[in-house]
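Residues per chain, in single letters:
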Amino acid sequence: MKLQDLLHQTRDTMRPVEAYTLLIAIAAKLKSGGSLDEITARLSRHREVLPLLEGSAKALLALDTAERFRTLTSFFDFPEAERTDFGWLRAEAVGQIIDMIDGALSVRFSHMSSFVPCLTYAHRMSLTGKSPSVRFTWINEGECQMMRDMATALDLEDIITVELAWPWERRKSCDADVEVVLPPFNMPIKHLETIPDHTLRLLGFQKGQKARLNGETVSIADAIENTRGRVILCVPEGELFRMVGAEPVARRALLDSGRLQAVMGVPSGMMFANTWVKTSLLVISAAEASSDTVRFIDLGHHTLSQKGRRGRAEILDDVSWREVLNGEVPDDQTLARDVVRDEIIENNTVLVPERYLNVGTREQIDALLAQSDVAELSEVVELIRPVTISADEEGEYTLFEAAPGDVNERGFISTPKREITVDRAKFNKALNQQLRPGDVLLSIKGTVGVVGLVADDVPREEEDTIWTAGQSLMILRPKKRVSMSNLALYEYLSNDTVQDYIKSIAGGAAIQTLAMKDLKGFAIPMPDEETIKSIEEGFAERQAIFDKIEEMKMKLEEVRSRGWPHDLLNTES
């Protein structure tokens, strides 16, 4: 039978995921000899589709187990599955995760995104004649029932046990050899009473206290406190670099446990069908294991992946994540590298793989810094972080708010495209982030790393119209008491190698961001007077070349305008 045909025939009656869920429920009832009365009641308004679903369920059960599994799981590759909120994993990623489980005989899968890996692992083990203990834990009754029905329909009811609970509640003891934890991204935890006291204490909280916690942070703490076996835990990139709240506490506790074996960076679109969020797999070793190093791996490396349909990164054939995880460290340190714990702590416990794998860039920068006096960025400039200023329709003052797109090819901020009017109070507030001659702007959010200079002819403070910076930019204003050339700072930050490094230390799930702590401590070379003079001369020479280019562009347009039909159509009447 073709599952796609069934979903096509029921599309005018119900959503594909509803038809799919009902098909599984009916197949489970027929297989177990149960009554269809409950399902009939659910279809009271659409009873005409019941014969179609029942007939399809019977056809499904007539297939051998392997073909039945292929038919049912084919749904997860349909576009209809991508449009659901379940977070289905791509088949190739499912295969890699199952390979990393490495044949364990007791495995706990938690959260809805682990649904397909759970089924697939149980099915593959059953085909080899093994009966592992597989537990699926999640809080949603409907989705848990769907797993029970799938297990029955696929002859896996004696292998898969379903537990209705928050995975970190640990209502039932479970010393699984491996746990696969795939929490929803950035899911807020609203009820701390579901979290055991000792897990909360690890994060610095206690019951009754207000706290901002998400599912990934709690899952990290839960893995440290409540697991004995290996853990494969998926988190969005933001969990690996945010420096506020409980996230850095959880990362430090994980490092201190000695159990963090690896961080595997997953390109957006490679694992999850319905999101482009960049993710990472945290591989946590068994409790008795301990190591002073963490292996950082780029699963998007050209030896492991390629660009596929719609620009998604796809896993190459014959690639094994397990081998990259457990094998010898490759010579190519942009693919994988073992990093000592102290280096990670020096990097504020940031666990983003790019931070540690861009070693060639870092070495080039270090070589330059070794030849110069060096200062941290916060020592040589004032770091001015703009705030949002809203417009007033009747405002008497005008603000031009600069954005990264306003940096022109010469390196200067052009007249900002965003123009708003404000009242006197907001104008006074805007003066705190007014652009001044000699300021250097650096984009720290979104398109990270764009650098621009503020020219001498920018409007002055006493004028009714001023230029300011938007929230995606940071104003770097050289301190008067420090001899730091704004041109030298611009040239350094806009250098291609430095740009690559800036991008490597940025983090963010959907929107890239430079952390303030990283920005303040950014190492800046302090060139001597002779070098500064050569920088100024080189910059002036470039501006002269731009002048000639603009002159030639005007000449080109003038010549074009004299030819047919431009001379006739462009003539002023």
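Residues numbered from 1 in each chain as written. Predicted model: local features only at pLDDT ≥ 70, side-chain atom pairs only at ≥ 80, totals over all residues. Heavy atoms only, no water.

Visitor: Account for the overall build of the protein chain, with residues named and values stated.
Guide: When its secondary structure is counted, the protein chain shows 23 helices and 20 strands. C-alpha atoms of the protein chain, sized along the principal axes, occupy 85 × 70 × 50 Å. Taken across its 573 residues, the protein chain has 51% of its residues classed as buried. Counting contacts in the protein chain only where the partners sit at least 6 residues apart, residues at least 24 apart contribute 74% of the total. Total accessible area on the protein chain is roughly 27,200 Å²; 48% of this is exposed by carbon and sulfur atoms. Taking the average place of the 67 positive charges on the side chains of the protein chain and the average place of its 90 negative ones, the gap between the two points comes to 5 Å. (Helix = DSSP H or I, 4+ residues; strand = E, 2+ residues; numbered from the N terminus. Buried < 20%, exposed > 50% of the residue type's maximum accessible area, 1.4 Å probe, protein only. Contact = heavy atoms within 4.5 Å. Areas by Shrake-Rupley, 256 points an atom, 1.4 Å probe, with all protein chains shown as cover. Lys, Arg positive; Asp, Glu negative; His and termini not counted. Charge placed at Lys NZ, Arg CZ, Asp CG, Glu CD.)

Visitor: An account of helix H9 (residues 141-153) is needed here, citing residue identities and associated values.
Guide: For H9, which comprises 13 residues, the first-to-last C-alpha distance of 18 Å matches the rise-based estimate of 18 Å (1.5 Å per residue) to within 8%. The set of residues buried in H9 consists of Glu143, Cys144, Met146, Met147, Asp149, Met150, Ala151, Thr152 and Ala153. Elements that come into contact with the buried residues of H9 comprise helix H2 (16-32), helix H4 (50-61), helix H5 (65-73), helix H8 (115-127), strand S2 (133-138) and strand S3 (160-164). Of the residues that open H9, the one with a side-chain oxygen 3.0 Å from the backbone nitrogen of Gly142 is Asn140. Two residues or fewer after H9 comes Asp155, characterised by a positive phi angle close to 65°. (Expected span 1.5 Å × (residues − 1). Polar contact = N/O pair within 3.5 Å; in protein donor to acceptor, adjacent residues only side chain to side chain.)

Visitor: Mind laying out the sheet that holds strand S19 (residues 473-478), listing which residues take part and the relevant values?
Guide: Spatial ordering of the open sheet is given by S13-S19-S16-S17, a layout of four strands whose pairing is antiparallel. Each having just a single partner strand, strand S13 (381-384) and strand S17 (451-453) make up the two edges of the open sheet. Each strand axis lies, on average, 25° off the axis of its neighbour in the sheet, ignoring direction. Where S13 and S19 come together, four bridges link them in antiparallel fashion. Among the inter-strand pairings, Glu382 is bridged to a residue of S19, identified as Arg477. This element, helix H19 (residues 486-494), spans S13, strand S16 (440-443), S17 and S19 of the sheet and lies at about 160° to S17. (Pairing = 2+ DSSP bridges. Axes fitted to C-alpha atoms, helices over the stretch in contact; angles between N-to-C directions.)

Visitor: Report on the pattern of salt bridges, specifying residues and quantitative values.
Guide: For the coordinates displayed, the defined rule picks out 34 salt bridges. Here Arg242 ties to Glu247 by a salt bridge, and the two come within 3.0 Å at their closest N and O atoms. In this structure, a network of salt bridges that share partners links the residues Lys31, Arg68, Asp155 and Glu157. (Salt bridge = Lys/Arg side-chain N within 4 Å of Asp/Glu carboxyl O.)

Visitor: How would you sum up the pairing of strand S18 (residues 465-469)? Please name residues and give values.
Guide: The buried fraction of S18 is high, at four of five residues. One ladder, built from five bridges, connects strand S14 (residues 397-402) with S18; its direction is parallel. In the strand pairing of S18, Ala402 is matched with Ala469.

Visitor: Tell me about the nonpolar core, and name the residues and values.
Guide: Of all hydrophobic cores here, the largest spans 123 residues; its most connected members are Phe115, Ile160 and Trp321. No other element matches H2, which puts nine residues into this core. With 34 residues, the next largest nonpolar core counts Leu377, Val380, Ile444 and Leu493 among its residues. (Core = buried A, V, L, I, M, F, W, Y, C linked by side-chain atoms within 4.5 Å.)

Visitor: So what's going on with the packing of helix H11 (residues 215-226) against helix H12 (residues 247-257)? Which residues, and what values?
Guide: One way to put it is that H11 packs onto H12 with a least axis distance of 9 Å and a crossing angle of 25°. By the criterion of interaxial angle, the relationship of H11 to H12 is roughly parallel. Considering the relative orientation of H11 and H12, their crossing is left-handed. Facing H11, whose interface residues are Thr217, Ile220 and Ile224, H12 presents Glu247, Ala250, Ala253, Leu254 and Ser257. When grouped by side-chain class, the residues that make up the contact of H11 with H12 number five nonpolar, two polar and one charged. (Parallel < 35°, antiparallel > 145°, perpendicular 65-115°, else oblique. Left-handed = near helix turned anticlockwise from the far one by under 90°. Nonpolar A, V, L, I, M, F, W, Y, C, P; charged D, E, K, R; others polar.)

Visitor: Hey, could you go over unusual backbone geometry for me, with residue numbers and the actual values?
Guide: Of note, the bond from Trp564 into Pro565 is cis; its omega dihedral lies within 30 degrees of zero at 0°. Along the chain, the position of Pro565 falls in the loop between helix H22 (529-562) and helix H23 (566-569). One non-glycine residue, Asp102, lies in positive phi territory at about 65°. Of note, Asp102 is situated in the loop between helix H7 (91-101) and strand S1 (106-110). Unlike most non-glycine residues, Asn186 shows phi in positive territory, near 55°. Counting through the fold element by element, Asn186 comes out in the loop between strand S4 (178-181) and helix H10 (197-202). Residue Asn186 is classed as partly exposed on the basis of its relative accessible area, which comes to 38%.

Visitor: Describe a negative patch on the surface, naming the residues involved and giving the relevant values.
Guide: Taken together, the side chains of Glu396, Asp423, Glu461, Glu462, Glu463 and Asp464 present a region of like negative charge at the surface. Secondary-structure assignment places Glu396 in the loop between S13 and S14. (Patch = residues over 30% accessible without salt bridge, like charges linked within 9 Å, V, L, I, M, F, W, Y side chains within 5 Å.)

Visitor: Now, about a nonpolar patch on the surface: what can you tell me, with residues and values included?
Guide: A contiguous nonpolar surface patch, about 450 Å² in accessible area, is contributed by Trp564, Leu568 and Leu569. The residue Leu568 is located in helix H23 in this model.

Visitor: Which residues make up the sheet that holds S1, and what are the values?
Guide: Spatially, the nine strands line up as an open sheet ordered S3-S2-S1-S4-S5-S7-S6-S8-S11, and their pairing is mixed. Each edge of the sheet is formed by a strand with only one pairing partner; in this case those strands are S3 and strand S11 (336-340). Averaged over all pairs of adjacent strands, the angle between strand axes in this sheet comes to 20°, irrespective of strand direction. Of the pairings in the sheet, the one linking strand S6 (residues 260-266) to strand S7 (residues 279-284) comprises six bridges and is antiparallel in character. Residue Ala262 lies in a different strand from S7, and its bridge partner there is Val283. Relative to strand S5 (residues 230-236), H7 is tilted by about 150°, and along the sheet it contacts S1, S4, S5, S6 and S7.

Visitor: Tell me about the environment of Cys174, residues and numbers included.
Guide: With respect to the secondary-structure elements, Cys174 resides in the loop between S3 and S4. Of the residues examined, Cys174 reaches a relative accessible area of 18% and is grouped as buried. For the pair formed by Cys174 and Thr227, sequence separation is 53 residues and the distance between their alpha carbons is 8.2 Å. Excluding residues within four positions of it along the chain, Cys174 makes contact with Arg108, Arg135 and Glu179.

Visitor: Got a sec to walk through H8? Specific residues and values, please.
Guide: The end-to-end C-alpha distance of H8, which contains 13 residues, comes to 19 Å, matching closely the 18 Å that a straight helix rising 1.5 Å per residue would cover. Of all 13 residues that make up H8, ten are buried, and the element is covered over most of its length. Within the span of H8, buried status applies to Phe115, Val116, Pro117, Cys118, Leu119, Thr120, Tyr121, Ala122, His123 and Met125. Looking at the buried side of H8, the elements it contacts are H5, H7, S1, S2, H9 and S3. In the segment just after H8, Gly129 is the residue with positive phi, at about 85°.

In short, shape yes, function no, at least from these values alone.
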